[in-house]
Each structure stands twice: as structure tokens, then as C-alpha cells.
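# Notes for the structure review
For reference, the chains in residue letters:
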Amino acid sequence: MGILRPLPDAPGIDEDDELSAWELGATMREWHEWQRTGVLTLSFRVKWWWRRTRRVLR
């Protein structure tokens, strides 16, 4: 999260979205791309799975 607050007309970042993205292992950019397009590719699934699994393995 940046130091400055988003501009009023900028799309806001909902805290629930941030938490959901973190639980899935997604970055906010990936999360917004998925919400915008509605398409979840295999590469997204693999990346997200790996990020979640890596945290558990440490």
C-alpha cells in the first residue's frame, strides 16, 4: 500500500479484496485483472498455489 491515499476518482482498494488476494497468494494487480476479466488462467492458479504453499513450507 502506498504512502498517499488514492484519488477520489481512482478505483479504491477494498480491504476485503486485499485479504482475499493475500489468502489466495495473488498480488493486487493479478487480483484486479482477474476481477476485471473474470478469467482465471492456469498460470494464475499455479502461481497462487505456489505462493500459498511456499508460505506453509517455510
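Heads up: the structure comes first, above all this text.
Residues numbered from 1 in each chain as written. Predicted model: local features only at pLDDT ≥ 70, side-chain atom pairs only at ≥ 80, totals over all residues. Heavy atoms only, no water.

You can see Ser 20 is positioned in helix H1 (residues 15-24). Under the relative-accessibility criterion, Ser 20 is labelled partly exposed at 27%. With 11 residues separating them along the chain, Ser 20 and Trp 31 place their C-alpha atoms 8.8 Å apart. (Helix = DSSP H or I, 4+ residues; strand = E, 2+ residues; numbered from the N terminus. Buried < 20%, exposed > 50% of the residue type's maximum accessible area, 1.4 Å probe, protein only.)

This paragraph deals with the nonpolar core. In terms of nonpolar packing, the biggest core is built from 5 residues, these being Ala 21, Ala 26, Trp 31, Phe 44 and Trp 48. Look past the residues within four positions of Ala 26 in its chain and what remains in contact with it is Ala 21, Trp 48 and Arg 51. (Core = buried A, V, L, I, M, F, W, Y, C linked by side-chain atoms within 4.5 Å. Contact = heavy atoms within 4.5 Å.)

Where nonpolar side chains cluster on the molecular surface, the patch consists of Trp 49, Trp 50 and Leu 57 and spans about 380 Å² of accessible area. For Trp 50, the position within the fold is in helix H3 (residues 42-57). (Patch = residues over 30% accessible without salt bridge, like charges linked within 9 Å, V, L, I, M, F, W, Y side chains within 5 Å. Areas by Shrake-Rupley, 256 points an atom, 1.4 Å probe, with all protein chains shown as cover. Salt bridge = Lys/Arg side-chain N within 4 Å of Asp/Glu carboxyl O.)

As a further point, take the environment of Ala 26. Position of Ala 26 relative to the elements: it lies in the loop between H1 and helix H2 (28-37). Separated by 21 residues in the primary sequence, Ala 26 and Lys 47 have C-alpha atoms spaced 7.7 Å apart.

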